[in-house]
Amino acid sequence: MISQVGRGGVFENYLQIVDNQVLASLPELYKVPLRILDHRVFVNGEIEAFLENFEVRRNDSEVEKLFQVTETVGSLRYDLSRCSATGSGSGSGTENLAQLDTEVNHLLDGVNALLAKAKVERTASTQLQEARLAHTMLKSTIVDTRVRLVPSKKLFDFLDAQKEHFQEVPENVAKIMKQKDHTLPIHIKIIKDVGLVYKRPKIDYDLLKKLTENLADTTKESTKDQPEPDSEVKDSDEEESPKKVKHFLYLSDLHWLSNKLAELRRQDHCQVFLHQLIESCDLLLPENEMKPRNPELEARCQRLRAEQHNRDYLKMTKNVDAGLKHYPEDTISYQIKSLNKQIIAVVQFIFSVAAGFTFGFFGVNLMVGPLPFGFRILLGVIVALIIALAEMYFLAKKLHEYDEVLDAPKRKPQPSAPAKRKADTPPAEGRSVQTVKPHAD
Amino acid sequence: MSNRNSEKEAAGQLLDDLYLDMFHLVEEHTQCRVNLEQRNASGSILLARTRFQHGGSHCVSTAQIPTENSAEFNALCRVVDSTDGVSIERQAVDKSKGFVEPLHWFSVLPPMSLRNAVSKFKDCVELVAESTNLQRQLAVALDWITKLRRSTLLN
């Protein structure tokens, strides 16, 4: 009996201790279901661990193993050299040993080279680099859609040689000439090509066909002049050097040049065509500018995304976690808030209907003159009804929205939400998220 | 000899014109693409705005788009590829003939922002057609240029 009581006492003591421990760790315990269920945190942790294992440890272990190999080979070599030193007296054995020694030396060199190679940081592939760049940089819209042409030396020389024959020169061309220290004669007028719009040239396709008809047989005869179809349209590979050039020829300048050349040809000053001049020029096609992403925006986006995910997650696990089960609905503030909103909506409705009735009852009477009482009531009711109908639609919409808003996240998860969310977004700060206010219109 | 000279002159002039035409086409094509980008972006923003203002889940969502099991309907907009290029053919909404208004899938009284977004996206389709045409013309011009450059008249 005594022993039983004693046992019972021990058991009670034990229970008390456990209770104390449980009470002490209650806040921690409370988080247990959350932690167990929060698969995102779990998955993120797993990914991190995996990446760490994969990238860091594997690399480390490889290098470590290589070092081990180096050590072994080094010690082997040392032993060998000692062996060969001691056994130098006895004839044929030393030759073998010497051979072995050189081979081991070779091996050591090879291992060292491998080690050096392994230590060198490997650069990311171009694809990866581009992807990273796209992550941090943003392609912006093309601002200047104009085609630009970097004038070549040949073009400058031509312009310089023919400048006496020009009566007028576009502003842009004049600027370029000045920059290259080609002075223009004074009598030349500078046209400001602001309002000038050049149309697309009309192309005589019949003539074109006629001219290219005999092409088929001429090409066979003259194989010596190999066509270079790409020579005129320079790709953007050579962008770097012309980028420093400040002045370009634009389309309007080319139009001017083309007209001027036609004129010069007519006057027999020269026999130069535009295509001969621009052959040596670099063509700059309009390009997107790369802009760095605003870091503030990026941080904000990440925060919002994390919030959104948390909200979704909490909604998903709401009926599993006992602590959150009745969370927003059971608080007094939540109920009062929703009550307030609905009361305000209803009061607005009643007020506008009453105002409509008043207008029909008194307002029309005041405007038109004395009306019979029954007719006034009819008018009031009609106006009130019209307003009530209109209001009803909005009321229904609004009340429906409240239902939706208060127990569900406001926005749906975006299907196109990029999955690039970093693994280190702060884990669920659950409580504060649910209290985010729903948007009122 | 003079005949040959005049032909050479004509060919040179033609090549110049072709080059200028090519530059024009490049510019127009770029402009068209830029417009397309802008329309598309503003349409997307308007759509997002609609979802934001009207509570995403019950205003515009993919669940409201008809599935395979829904009633059949005709397309309002067709792409016609003819000799003059690609063009867009639109049909008026006519329920009896099966041309339904797609906006009514989402709500009977669509919000203003959604209507605007629709018009922007409609513009986008037109711009795509225009861009295709320009691109074809550009390809033709480039083709002619290579052909003409090969001819011995210019050398």
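Fair warning: this is a prediction, and the values are worked out from it, not measured in the lab.

Let us look at the overall build of chain A. Tallying secondary structure elements over chain A gives 17 helices and six strands in all. Counting the 441 residues in chain A, one finds 10% classified as buried. Sequence separation of at least 24 residues holds for 74% of the intrachain contacts in chain A that already meet a minimum separation of 6.

Attention now goes to the pairing of strand β2 (residues 85-90) of chain B. All names here are of chain B. Here six bridges tie strand β1 (residues 77-82) to β2, and the two strands are oriented antiparallel to one another. By the bridge assignment for β2, Val80 is matched with Ser87. Here β1 folds back onto β2 in antiparallel fashion, the turn holding two residues.

Structurally, the position occupied by Phe375 of chain A is in helix α16 (residues 373-407). Each C-alpha atom of the pair Phe375 of chain A and Gly360 of chain A lies 9.7 Å from the other, and the pair is 15 residues apart in sequence.

Okay, the environment of Leu47 of chain B next. Residues and elements named next belong to chain B. By the secondary structure assignment, Leu47 is in helix α1 (residues 2-53). By C-beta crowding, Leu47 is classed as partly exposed, having 18 other C-beta atoms within 10 Å. The spacing of Leu47 and Arg115 is 68 residues in sequence and 9.2 Å in space, taken between C-alpha atoms. Not counting the four nearest positions on each side in its chain, Leu47 is found in contact with Val60 and Ala117.

For the rest of this paragraph, the subject is the nonpolar core. In terms of nonpolar packing, the biggest core is built from 40 residues, with Leu149 of chain A together with Leu15, Leu18, Tyr19, Met22, Ile145 and Leu148 of chain B touching the most fellow members. Contributions of two or more residues to this core are made by α6 (153-162), α7 (171-179), α11 (251-266), α12 (274-278) and β5 (282-284) of chain A together with α1 and α2 (112-150) of chain B. Per element, the largest residue contribution to this core is eleven residues, and it comes from α1 of chain B. The residues touching Tyr19 of chain B, leaving out its near neighbours within four places in the chain, are Leu274, His275 and Ile278 of chain A together with Ile145 of chain B.

Below, the discussion takes up the confidence of the model for chain B. Residues and elements named next belong to chain B. When pLDDT is averaged along chain B, the result is 84; 92% of the residues meet or exceed 70. β2 is the least confidently modelled element of chain B, averaging 85 in pLDDT, while α2 averages 90, the highest of any element. Prediction confidence for the complex, expressed as pTM and ipTM, is 0.56 and 0.74 respectively.

Turning our eyes to something else, we now look at α7 of chain A. All names here are of chain A. Looking only at α7, the buried set comprises Val173, Ile176 and Met177. Looking down the long axis of α7, one finds its buried residues gathered within 100° of arc, a one-sided arrangement. Exposed and oriented more than 90 degrees from the buried face of α7 are Lys178 and Gln179. Packing partners of the buried residues in α7 comprise α6, β3 (168-170) and α11.

Residue and element names in this part refer to chain A. Summary statistics for chain A give a mean pLDDT of 71 and a share of 62% for residues scoring 70 or more. Per-element mean pLDDT across chain A ranges from 41 in helix α17 (residues 430-434) up to 89 in helix α15 (residues 332-368). Here residues 217-243 scores under 50 on pLDDT; set against residues more than four positions off or in separate chains, the count is 20 contacts. Contacts for the low-pLDDT stretch residues 406-441, under 50 throughout, to residues beyond four places or in other chains number 47 contacts.

Let us look at the UniProt feature "transmembrane region" (unreviewed entry) in chain A. Residue and element names in this part refer to chain A. Within this numbering scheme, the UniProt entry marks residues 343-367 and 373-396 as carrying the feature "transmembrane region" (unreviewed entry). End C-alpha atoms of residues 343-367 are separated by 34 Å, and the span's content is 100% helix alongside 0% strand. For residues 373-396, the end-to-end C-alpha separation is 34 Å, with 100% helix and 0% strand making up the annotated structure.

Basis of the calculations
- Residues numbered from 1 in each chain as written.
- Chains lettered and ligands numbered in written order.
- Predicted model: local features only at pLDDT ≥ 70, side-chain atom pairs only at ≥ 80, totals over all residues.
- Helix = DSSP H or I, 4+ residues; strand = E, 2+ residues; numbered from the N terminus.
- Buried ≥ 20, exposed ≤ 12 C-beta atoms within 10 Å, placed from the backbone.
- Contact = placed C-beta atoms within 7 Å.
- Pairing = 2+ DSSP bridges.
- Core = buried A, V, L, I, M, F, W, Y, C linked by C-beta atoms within 7 Å.
- pLDDT = per-residue confidence, 0-100.
- Arc of directions from axis to C-beta.
- UniProt positions renumbered as here; feature names shortened; annotations may be inferred.

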